[in-house]
Amino acid sequence: GGFAVETSGLVYDYSTNNVGIGTASPSQKLHVAGGTVYVDSGGGTTRSLWLEHTGSNFIVRPVSSGGASTIIENTGGGALVINPSYGNVGIATTSPWAQLSIAGSSTAPTTPLFSVSSSTPTGTTTVFHITSQGNVGIGTSSPTNAFVVQSYTSEQGITIKNNQGSRLNFYTDDSASASSRNWAIRTDAVAFGDFNIYQSNTKAGDAFAGTARLTINPSGNVGIGTTTPGTLLSLGNTGNDTINISA
């Protein structure tokens, strides 16, 4: 038993209490077939599409009246915003300024901002992780410093690769001290295959444009104060004592 308008135009199935539009055999409480569902809220911003469930409601609506951004939210907490004007997507923020903006949760401050891992937060299965404090972890879900890399496979670590020599900079953000210096580690600085440690000449200077403090050339010779060590250990003369040994 039931009720039908034009066979399958609008159907109410009495045996299941399902309603069908465009189908004579609705399988759900509301089953729409062969068309689009259009919800007009009359220009308001409270509800465009509201799917209600006990304690948690799913809502799709514009962020503001007449605005281009769409928000998908749950009254239980959390929101996803899509701005078609710029293609920006926001998670837990209604004003995404980047292509993907993720805002920390004030109600769950320990929840990570981003994580690529298995279904559990176990360190052995975590690939990439950003905490709510901004710490970045690779191979760990609990980075205790700004950047932590952890590997559970032997002989794995960090690789820095460049076709013109790799470089790692250590910059000191200390504007109060005139004696602060920046440091850099670089390969292929003087010759292909060498390893160098440089120090900036000023507190805000480029370390590589400063002074070479240590060089290891491709032959294994070590130079301190010189970039061209001709023996296993070469010490450059800077006007100070070359070697000082004290008891």
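Residues numbered from 1 in each chain as written. Predicted model: local features only at pLDDT ≥ 70, side-chain atom pairs only at ≥ 80, totals over all residues. Heavy atoms only, no water.

Student: I tried to follow the pattern of salt bridges on my own but got confused; where do I start?
Tutor: Applying the stated criterion across every chain yields a total of 1 salt bridge. For D206, the salt bridge identified is with R167, shortest N-O distance 2.4 Å. On the criterion of sequence distance, the pair formed by D206 in the loop between β17 (195-199) and β18 (211-216) and R167 in strand β15 (residues 167-170) is long-range, its members being 39 residues apart. Given the relative accessible area of 35%, D206 is considered partly exposed. Residue R167 is classed as partly exposed on the basis of its relative accessible area, which comes to 29%. (Salt bridge = Lys/Arg side-chain N within 4 Å of Asp/Glu carboxyl O. Helix = DSSP H or I, 4+ residues; strand = E, 2+ residues; numbered from the N terminus. Buried < 20%, exposed > 50% of the residue type's maximum accessible area, 1.4 Å probe, protein only.)

Student: How should I be thinking about the environment of A98 in this particular structure?
Tutor: Inspection of the secondary structure assignment puts A98 in the loop between β9 (88-91) and β10 (100-102). As a C-alpha pair, A98 and N88 span 10 residues in sequence and 5.9 Å in three-dimensional space. Look past the residues within four positions of A98 in its chain and what remains in contact with it is N88 and V89. (Contact = heavy atoms within 4.5 Å.)

Student: Quick question: what am I supposed to make of the packing of aromatic side chains here?
Tutor: Geometry of an aromatic ring pair is reported as the spacing of the ring centres plus the angle between the planes. Counted under the stated rule, the structure contains 2 aromatic pairs. Ring plane angle 65 degrees and centroid distance 6.0 Å describe the contact between F114 and F128, whose orientation is recorded as edge-to-face. Of this pair, F114 sits in strand β11 (residues 114-116) while F128 sits in strand β12 (residues 128-130), and the two are 14 residues apart along the sequence. Residue F114 is classed as partly exposed on the basis of its relative accessible area of 32%. Ring plane angle 65 degrees and centroid distance 4.9 Å describe the contact between Y198 and F208, whose orientation is recorded as edge-to-face. Taken together, the positions of Y198 in strand β17 and F208 in the loop between β17 and β18 put the pair 10 residues apart, joining distant regions of the chain. The class of Y198 is buried, set by a relative accessible area of 8%. Positioned above the aromatic ring of F208 is the side chain of R186, whose terminal nitrogen or guanidinium carbon lies 4.3 Å from the ring centre. (Phe/Tyr/Trp six-rings, centres within 6.5 Å; stacked < 30°, edge-to-face > 60°. Lys NZ or Arg CZ within 6 Å of the ring centre and 35° of its normal.)

Student: Looking at this structure, how should I read the sheet that holds strand β16 (residues 183-187)?
Tutor: In a beta sheet, neighbouring strands are held together by backbone hydrogen bonds and run either parallel or antiparallel to one another. Judged by pairing direction, the sheet is mixed, and its 6 strands sit side by side in the order β15-β16-β17-β18-β19-β20 without closing on themselves. The two strands at the open ends of the sheet, each matched to only one other strand, are β15 and β20 (233-235). Going from strand to strand, the sheet's axes swing by 15 degrees on average, the running direction of each strand aside. Where strand β19 (residues 222-224) meets β20, 3 bridges bridge the pair, whose relative direction is parallel. Pairing of G223 across the sheet is with S234, part of β20. (Pairing = 2+ DSSP bridges. Axes fitted to C-alpha atoms, helices over the stretch in contact; angles between N-to-C directions.)

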